[in-house]
Amino acid sequence: MSSLLVRGSTGCQESPLLGIDERKRKRMLSNRESARRSRMRKQQHFDDLISQAAELKNQNSQTEMQINLLTQHYGEVESGNAVLRAQLTELTERLQSLNSVLRFLEEFSGMAMDIPEIPDQLLKPWQLPRPSQPISATADMFQF
């Protein structure tokens, strides 16, 4: 920090104009340094956002793959359930038909036959008895 001295009759004295220039130069350097730090922070924030966006895109694609797998699995289970419902309907109709044949034979022959009744659970599968304890599920159960 050099300052120019002006020699006069009273000795060494600092010029007020030179002191103002020195303060202006220091302020300018300080402002430049502050602007440089601000640009660096802004660049760091930008880089962090780019990194975060890449991570979120990766998570999004993984989630999308999981959704696709679960959708496919759901379709397979739903298809299997439809087959089972059709089989249940067919077997129930067969059982009802056989029971009606047995009742006819019972009336015709006069012999007493033990004809089991069709349980309501077979006729109304959506009303199956439920366990008294709740079924617990975890996220690990759905990992394929």
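Residues numbered from 1 in each chain as written. Predicted model: local features only at pLDDT ≥ 70, side-chain atom pairs only at ≥ 80, totals over all residues. Heavy atoms only, no water.

**Q** Sorry if this is basic, but what is going on with the overall build of the protein chain here?
**A** A count of helices and strands for the protein chain gives two helices and two strands. Secondary structure of the protein chain in N-to-C order comes out as β-β-α-α. Out of the 144 residues belonging to the protein chain, those deemed buried represent 5%. When contacts within the protein chain are restricted to residue pairs at least 6 apart in sequence, long-range pairs at least 24 apart make up 29% of them. (Helix = DSSP H or I, 4+ residues; strand = E, 2+ residues; numbered from the N terminus. Buried < 20%, exposed > 50% of the residue type's maximum accessible area, 1.4 Å probe, protein only. Contact = heavy atoms within 4.5 Å.)

**Q** When you look at the confidence of the model for the protein chain in this model, what are you seeing that I'm missing?
**A** Should pLDDT be low for a region, the predicted coordinates there are not to be read in detail. Looking at the protein chain as a whole, its pLDDT mean stands at 80, while 70% of the residues score no less than 70. Taken element by element, the protein chain is modelled with least confidence in strand E1 (residues 5–8), mean pLDDT 44, and with most confidence in helix H1 (residues 16–109), mean pLDDT 92. This stretch, residues 1–12, has a pLDDT under 50; its non-local contacts, to residues over four places away or in other chains, come to 14 contacts. (pLDDT = per-residue confidence, 0-100.)

**Q** Help me out: how do you make sense of a nonpolar patch on the surface in this one?
**A** There is a patch of nonpolar side chains on the surface, built from Val101, Phe104, Leu105 and Phe108 and spanning about 440 Å² of accessible area. Relative to the helices and strands, Phe104 is located in helix H1. Judged by its relative accessible area of 53%, Phe104 falls in the exposed class. (Patch = residues over 30% accessible without salt bridge, like charges linked within 9 Å, V, L, I, M, F, W, Y side chains within 5 Å. Areas by Shrake-Rupley, 256 points an atom, 1.4 Å probe, with all protein chains shown as cover. Salt bridge = Lys/Arg side-chain N within 4 Å of Asp/Glu carboxyl O.)

**Q** Honestly, the pattern of salt bridges in this entry has me stumped. Any pointers?
**A** Considering all chains together, one arrives at five salt bridges under this definition. For the salt bridge of Arg37 with Glu33, the shortest nitrogen-to-oxygen distance reads 3.9 Å. Pair noted here: Arg37 and Glu33 are both in helix H1, with a separation of four residues, about one helical turn. With relative accessibility at 31%, the residue Glu33 sits in the partly exposed group. The partner of Arg85 in a salt bridge is Glu78, and the shortest N-O contact between them spans 3.9 Å. For Glu78, a relative accessible area of 31% puts it in the partly exposed group. The structure contains a network of salt bridges with shared partners spanning Glu33, Arg36 and Arg37.

**Q** Help me understand the packing of aromatic side chains in this model?
**A** Between two aromatic rings, the relevant description is the distance of the centres plus the angle of the planes. The full count for this structure, using the stated rule, is one aromatic pair. Each ring, one from Phe104 and one from Phe108, has its centre 6.1 Å from the other, and the planes form 5°; the classification is stacked. Residue Phe104 and its partner Phe108 are located together in helix H1, separated by four residues, close to a single helical turn. Grouping residues by exposure puts Phe104 and Phe108 together as exposed. (Phe/Tyr/Trp six-rings, centres within 6.5 Å; stacked < 30°, edge-to-face > 60°.)

**Q** Looking at this structure, I do not really get the environment of Gln96. What am I missing?
**A** With respect to the helices and strands, Gln96 occurs in helix H1. Residue classification places Gln96 among the partly exposed residues on the basis of a relative accessible area of 38%. Here the alpha-carbon distance between Gln96 and Ile118, two residues 22 residues apart in the chain, equals 7.6 Å.

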